[in-house]
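Structural description and commentary
Listed below are the residues making up each chain.
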Amino acid sequence: MPASAVLIEARPDSGLIPDIAPEFVPFEGGFRDSPEWGSACIILPWLIYRWYGDRNAVERAYPMMKRYVAYLETKSDGHILKHGLGDW
C-alpha cells in the first residue's frame, strides 16, 4: 500500500495525522500530534506529483490534506503552531 494510502486510512475523524500510522497505541502529547510528522500527508502526495507527474496521489489525498490543515488551524495561535516535537 502506498504511503499516502496508509496516511488516508490511519487518520482519526478529527483530522489529526498521528505520528505512527497505523496507530496501534495512541501516545499522548508531542508523540501523537506532531505537525513535523503529520505534514507528510501534504508533502508526500505533492512530491509524488512533482516527481512522477501523477495527479492521482494529490486527488486522492486532497480531502485528507484539507482536513489536516483545518485541524492544524484549530491548534494554532495566529497561524503559528507551538506544539509537537519541534527540532527534536
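Anyway, here's the lowdown on the structure attached to this text. (Residues numbered from 1 in each chain as written. Predicted model: local features only at pLDDT ≥ 70, side-chain atom pairs only at ≥ 80, totals over all residues. Heavy atoms only, no water.)

1. Things to note about the packing of helix α3 (residues 40-52) against helix α4 (residues 56-75)
It is the contact of α3 with α4, at a shortest axis distance of 9 Å, that shows an interaxial angle of 155 degrees. For the element pair α3 / α4, the angle class is roughly antiparallel. In terms of crossing hand, the pair formed by α3 and α4 is left-handed. Taking contact as the criterion, the partners of C41, I42, P45, W46, I48 and Y49 in α3 are, on α4, A57, V58, A61, M64, M65, Y68 and V69. (Axes fitted to C-alpha atoms, helices over the stretch in contact; angles between N-to-C directions. Helix = DSSP H or I, 4+ residues; strand = E, 2+ residues; numbered from the N terminus. Parallel < 35°, antiparallel > 145°, perpendicular 65-115°, else oblique. Left-handed = near helix turned anticlockwise from the far one by under 90°. Contact = heavy atoms within 4.5 Å.)

2. A short note on the environment of E36
Mapped onto the fold, E36 is located in helix α2 (residues 35-38). A C-alpha to C-alpha distance of 9.8 Å links E36 and H83, two positions 47 residues apart in sequence.

3. A look at the side chain of S76
Note on placement: S76 falls in the segment after α4. For S76, the side chain forms a polar contact with the main-chain oxygen of E73, separated by 3.0 Å. (Polar contact = N/O pair within 3.5 Å; in protein donor to acceptor, adjacent residues only side chain to side chain.)

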